[in-house]
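# A look at the structure
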Amino acid sequence: MHHASGETALITQSPFSSVMGDIPRDPQAGEHILGQSEYSGQEKTMRLTFTKSSEDPVTVILSVDASPGCGGIVWPAGQILSNYLVQRDRSFLQDKTVLELGSGTGLVGIVAAMLGARVWVTDQAPLLDIMRQNVLRNNLTSSCTVAELNWGEPIPADMPVPDVVLAADCVYFEPAFPLLVQTLCDIYDKKPEVLFCYKKRRKVPGFPYSQSPGLRIMRCAQADKRFFALLKKKFTWEQVMDDPNREIYNRDSITLVRLHRLK
Ligand SMILES: C[S@@+](CC[C@H](N)C(=O)[O-])C[C@H]1O[C@@H](n2cnc3c(N)ncnc32)[C@H](O)[C@@H]1O
C-alpha cells in the first residue's frame, strides 16, 4: 500500500498489527527498515532477520506475549533501532557495555549482544520473564543480563557503566516522563552514546478504548512534546543522520536521535 503521495512507507507483519494501525504497509520498504519478520501463532514466537549487504544476517527469535503489558510485543521503533545497529560498522558494539531501557521482549539489546556487546536488558518486573526466555532462546546468557530497572529508581549497584544506552518506544505514558528523564541523567555521568528511537504520538480524540493489554499503549498515548519539554532542561539531541532509512521512517513519525547532556 502506498501513501496517497505515492511515497512508500513501513510494513509490519506482526500479528499485533492492530496496535500499529497507523503504520502503512509496503512489503519492500518494510523489510528494508524493520527487518524481515515471521510470526508463528502456534509457538507465539517471532523470527526477525536484519540484513546488511556483505555481512552475515542477524536473526533473533522472540517469544511474544501481550499479557505482561505493551512491552511483551515488538514495536516498530525497536525494529528500526535494531536494524540501525546492524547497519553500523560491526566494530561499533564489539566489546562495548550496553544498557537498554524499557527493553520489553529484549529485542534491541539481544541484537546488540549478537553484534558483540555485553548487554543489560532492563524493564519493569512483569517483563523480566519474557526477556529471560528470549535471552535463553537466543543462547546469549553469557553476554546478556536481564535486570529490573524502574525509571526514576536508583540504578542497580552491580550494573556496569555503559558505553552505549539504547531506548526504543519509551515515550508514551506521561507520568513516566520525569522518571525516564531522571534515569537518563543518572546513567549519563560517564557520557555514553545514547540512541533514542521514538514515535510521535498525539492524543487521538475518541480513540476506541480496549481492554487488550497490547492496546493499553494507545489509550495512554500522550503528546510526546511534553516529554521533550522536560528532556530539554537536561539534554540536547540531534537526529541520527547516518541511517539510510531515516527519511522513510520519519514519514511514519518515527525518529532516531542521539542525546547529549547539557553542561
Ligand atoms: C512500547 S514498549 C517498547 C518495548 C521495546 N523497547 C520495543 O521497542 O519493542 C515500552 C516499554 O517501556 C517499559 N516501561 C514503561 N514504563 C517504565 C518504567 N517506569 N520503568 C521501566 N520501564 C518502563 C514498558 O514496560 C515497555 O516494555
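Reading the values: rules and limits
The residue numbers shown here count from 1 along each chain, following its written sequence. In keeping with the predicted nature of the model, local features appear solely for residues at pLDDT of at least 70, side-chain atom pairs appear and are counted solely at 80 or more, and the whole-chain, interface and lining totals rest on all residues. Here a helix means four or more residues in a row that DSSP labels H or I, a strand means two or more in a row labelled E, and each is numbered from the N terminus. The exposure scheme places C-beta atoms from the backbone and then counts, for each residue, the other C-beta atoms within 10 Å of its own, assigning buried at 20 or more, exposed at 12 or fewer, and partly exposed in between. In this description, a residue-residue contact is defined by the distance between C-beta atoms placed from the backbone, which must lie within 7 Å. Working rule for contacts: place C-beta from the backbone, and if it is within 6 Å of a molecule or strand, that residue counts as near it. For this classification, the nonpolar set comprises Ala, Val, Leu, Ile, Met, Phe, Trp, Tyr, Cys and Pro, the charged set comprises Asp, Glu, Lys and Arg, and every other residue, Gly included, is treated as polar. Here the axes come from fitting lines to C-alpha atoms, over the contacting stretch only for helices, and the angles between their N-to-C directions go from 0 to 180 degrees. The hand of a helix crossing depends on one turn: near helix anticlockwise from the far one by less than a right angle means left-handed, and clockwise means right-handed. Nonpolar cores are built from buried Ala, Val, Leu, Ile, Met, Phe, Trp, Tyr and Cys residues. These are joined into a set through C-beta atoms within 7 Å. UniProt positions are given in the numbering used here, feature names are shortened, and annotations may be inferred rather than shown by experiment. Strand pairing is assigned whenever DSSP detects at least two bridges linking the two strands. Crossover handedness is defined by viewing with both strands directed away from the observer: a clockwise path from the first strand over the helix to the second marks the crossover as right-handed.

### Overview of the overall build of the protein
Within the protein, the regular secondary structure consists of 8 helices and 10 strands. The buried share of the protein, taken over its 263 residues, is 42%. For the protein, long-range pairs separated by at least 24 residues make up 65% of all intrachain contacts whose partners lie at least 6 apart in sequence.

### Things to note about the site of the ligand
If you check the shell around the ligand, you find 24 residues, and the closest are Gly71, Gly78, Gly102, Gly104 and Ala168. Its residues assigned to classes, the shell around the ligand comprises 14 nonpolar, 8 polar and 2 charged.

### Let's talk about the environment of Gly35
Looking at the element boundaries, Gly35 is found in the loop between helix H1 (27-34) and strand S1 (36-40). Along the primary structure Gly35 and Phe50 are separated by 15 residues, whereas in three dimensions their C-alpha atoms are 4.6 Å apart. In this view, Gly35 contacts Leu48, Thr49, Phe50, Gln79, Ser82 and Asn83; residues no more than four positions away in its chain are not counted.

### Structural notes on the packing of helix H5 (residues 177-186) against helix H7 (residues 224-231)
Working note: a packed helix pair is described by the angle between its axes plus the distance between those axes. Running from N to C, H5 and H7 point in directions that differ by 40 degrees, and their axes come no closer than 10 Å. The handedness of the crossing between H5 and H7 is right-handed. Judged by residue contacts, Phe177, Pro178 and Val181 of H5 engage Arg226, Phe227, Leu230 and Leu231 from H7.

### Topic: the nonpolar core
Counting residues in hydrophobic clusters, the biggest one holds 67 residues, and the most contacted among them are Ile80, Leu81, Val111, Ala112 and Cys197. If sequence neighbours within four positions are ignored, Ala112 has contacts with Leu85, Leu93, Val98, Ala117, Val119 and Leu166.

### Side note on helix H3 (residues 107-114)
Burial analysis of H3 places 8 of its 8 residues in the buried class, which makes it a mostly covered element. Those residues of H3 not exposed but buried are Leu107, Val108, Gly109, Ile110, Val111, Ala112, Ala113 and Met114. Once H3 ends, the next one or two residues include Gly116, with phi positive near 105 degrees.

### Concerning the UniProt feature "binding site: S-adenosyl-L-methionine" (unreviewed entry) in the protein
Sites flagged by UniProt as "binding site: S-adenosyl-L-methionine" (unreviewed entry) map to Trp75, Gly102, Ser103, Gly104, Asp123, Trp151 and Ala168. Within the secondary structure layout, Ser103 lies in the loop between strand S4 (97-101) and H3. Classification of Ser103 as buried rests on a count of 31 C-beta atoms within 10 Å. Ignoring anything within four residues of it in the chain, the contact list for Ser103 reads Val108, Gly109, Val121, Thr122, Asp123 and Met131. One can find Gly104 in the loop between S4 and H3. Among all residues touching Gly104, those that are not within four sequence positions of it are Gly71, Gly72, Gly78, Asp123 and Leu127.

### A few points about the pairing of strand S8 (residues 193-199)
With 6 of its 7 residues buried, S8 lies for the most part within the structure. The pairing of strand S7 (residues 164-168) with S8 spans 5 bridges and is classified as parallel. When the sheet's bridge partners are listed, Val165 is paired in S8 with Val194. After leaving S7, the chain enters H5 and then returns to the sheet as S8, a path that is right-handed. By the bridge criterion, 6 bridges tie S8 to strand S10 (residues 254-261) in an arrangement that is antiparallel.

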